[in-house]
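Per-entry structural report
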Amino acid sequence: MMTGKLTGKVAVVTGAGGGLGAESARVMASHGASVVIADINKAAAESVAASIVEQGQKAFAIETDVSSEDSVKQMVASVVEHFGRIDVLHNNAAILSAEQRQGDLDVINMDVDAWDRAMAVNLRGAMLCSKHCIPEMIKLQRGSVINATSGLGTMGDLTLSAYAASKAALIMLAKSIAAQYGKQGVRANALLIGLAPAENAHGSMPARLLDIIRENHLTPELGTPRQIADAVAFLASDESSFVTGSTLSVDGGFCSHTPSLAATRELFAELGSNKM
Ligand SMILES: NC(=O)c1ccc[n+]([C@@H]2O[C@H](COP(=O)([O-])OP(=O)(O)OC[C@H]3O[C@@H](n4cnc5c(N)ncnc54)[C@H](O)[C@@H]3O)[C@@H](O)[C@H]2O)c1
């Protein structure tokens, strides 16, 4: 029998039909978890689950719209029927389509429907999944909730105001859950993710914008889905049993430095010195 740090645990990953969620599910499955691929895109969820099962690991796909309470309730009931328990909830689903990003702009130019969609999927979705998964964790007197957030949830920027506000709220939601259910063994943390291009969301980003963002990461390169998934697996596992109510930055240092760093690096290179 394979023994891994997640053996015996059941992990629900929302939005796992692609991108970072799919990679997190794959990595958690490789550590022995039974994973639930919950995504609004049924075909994508089924394909990810099938690829995990092909590796001899356990996965179950379920079409879920996280913004709908009925859909979330059905998802949780199916998971309990299928795997019997829920140990981990990774609130990863977010609406990041090109259409969404065309409407989620600065506040004056905000498309109000885009604002509502961001809040419904990114924030209400995480609350609904938490609302219905946490009672299953309390039955076990253990559990881990992981909310995917972003540097945009902690710092002002020129666009994506709805996305940013939803991501800021997810940091607080993790703290509320940690405070409310910690004594019943449930931990909750936010994972602050740097830019780790995944297949769906970043194809339409201008190359120059990617360069600007790369310059503001302290690592040589932007992140990879695997680097994010490794942190998800850590927060899901008992290795992080004393970590709760926190925001773990896995962002290549993007949120750790002065706003002038990238421009100053360029200036110092030009001057050939960092003497001030
Ligand atoms: N990739 C990055 O660089 C990055 C950076 C910071 C934060 N994040 C966060 O990580 C998470 C994953 O990002 P990604 O780049 O993999 O995104 P993605 O767009 O590739 O994946 C999002 C998934 O969510 C699903 N989804 C959308 N609406 C849904 C709904 N109503 N119900 C259920 N599923 C739904 C989509 O079908 C898709 O599979 C997001 O929360 C995002 O905010 C990503």
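Residues numbered from 1 in each chain as written. Predicted model: local features only at pLDDT ≥ 70, side-chain atom pairs only at ≥ 80, totals over all residues. Heavy atoms only, no water.

1. Section: the site of the ligand
- Of all residues adjacent to the ligand, which total 27 residues, the nearest are Leu20, Asp39, Asn92, Tyr163 and Ala196.
- At 2.6 Å, a side-chain N or O of Asp39 approaches an oxygen atom of the ligand.
- Separating an oxygen atom of the ligand from a side-chain N or O atom of Tyr163 is a distance of 2.5 Å.
- Across the complex, the protein chains shield 92% of the 830 Å² of accessible surface that the ligand would expose by itself.
- At the level of secondary structure, the elements contributing two or more residues to the shell around the ligand comprise helix H1 (19-30), strand E5 (143-150) and helix H6 (161-181).
- If one sorts the elements of the shell around the ligand by residue count, E5 sits on top with three residues.
- Of the residues assigned to the shell around the ligand, the class counts are 13 nonpolar, eleven polar and three charged. (Near = heavy atom within 4 Å. Polar contact = N/O pair within 3.5 Å; in protein donor to acceptor, adjacent residues only side chain to side chain. Areas by Shrake-Rupley, 256 points an atom, 1.4 Å probe, with all protein chains shown as cover. Helix = DSSP H or I, 4+ residues; strand = E, 2+ residues; numbered from the N terminus. Nonpolar A, V, L, I, M, F, W, Y, C, P; charged D, E, K, R; others polar.)

2. Some points on the pairing of strand E1 (residues 10-14)
- Extensive coverage of E1 is indicated by the burial of five of its five residues.
- Residues Val10, Val12 and Thr14 point to one face of E1 and Ala11 and Val13 to the other, with burial holding for every one of them.
- As paired elements, E1 and strand E2 (residues 34-39) share five bridges and run parallel to each other. Bridging from a neighbouring strand, Val13 pairs with Ile37 of E2.
- Considered for its hand, the β-α-β crossover made up of E1, H1 and E2 is right-handed.
- Relative to strand E4 (residues 88-91), E1 is paired through three bridges, and the arrangement is parallel. Paired with Ala11 across the two strands is Val88, which belongs to E4. (Buried < 20%, exposed > 50% of the residue type's maximum accessible area, 1.4 Å probe, protein only. Pairing = 2+ DSSP bridges. Right-handed = clockwise from strand over helix to strand, strands pointing away.)

3. Re the pattern of salt bridges
- As enumerated under the stated definition, the model contains twelve salt bridges in all.
- Residue Asp238 is joined to Arg142 by a salt bridge in which the shortest nitrogen-to-oxygen separation is 2.9 Å. Within this pair, whereas Asp238 is found in the loop between helix H8 (225-236) and strand E7 (247-250), its partner Arg142 is found in the loop between helix H5 (112-140) and E5, the two being separated by 96 residues in sequence.
- Its salt-bridge partner being Arg226, residue Asp230 comes within 2.9 Å of it at the nearest N-O pair. You can see Asp230 and its partner Arg226 sitting in helix H8, four residues apart, about one turn around the helix.
- Residue class for Arg226 comes out partly exposed when judged on its relative accessible area of 41%.
- Connected through shared salt-bridge partners, Lys9, Arg142 and Asp238 make up one network. (Salt bridge = Lys/Arg side-chain N within 4 Å of Asp/Glu carboxyl O.)

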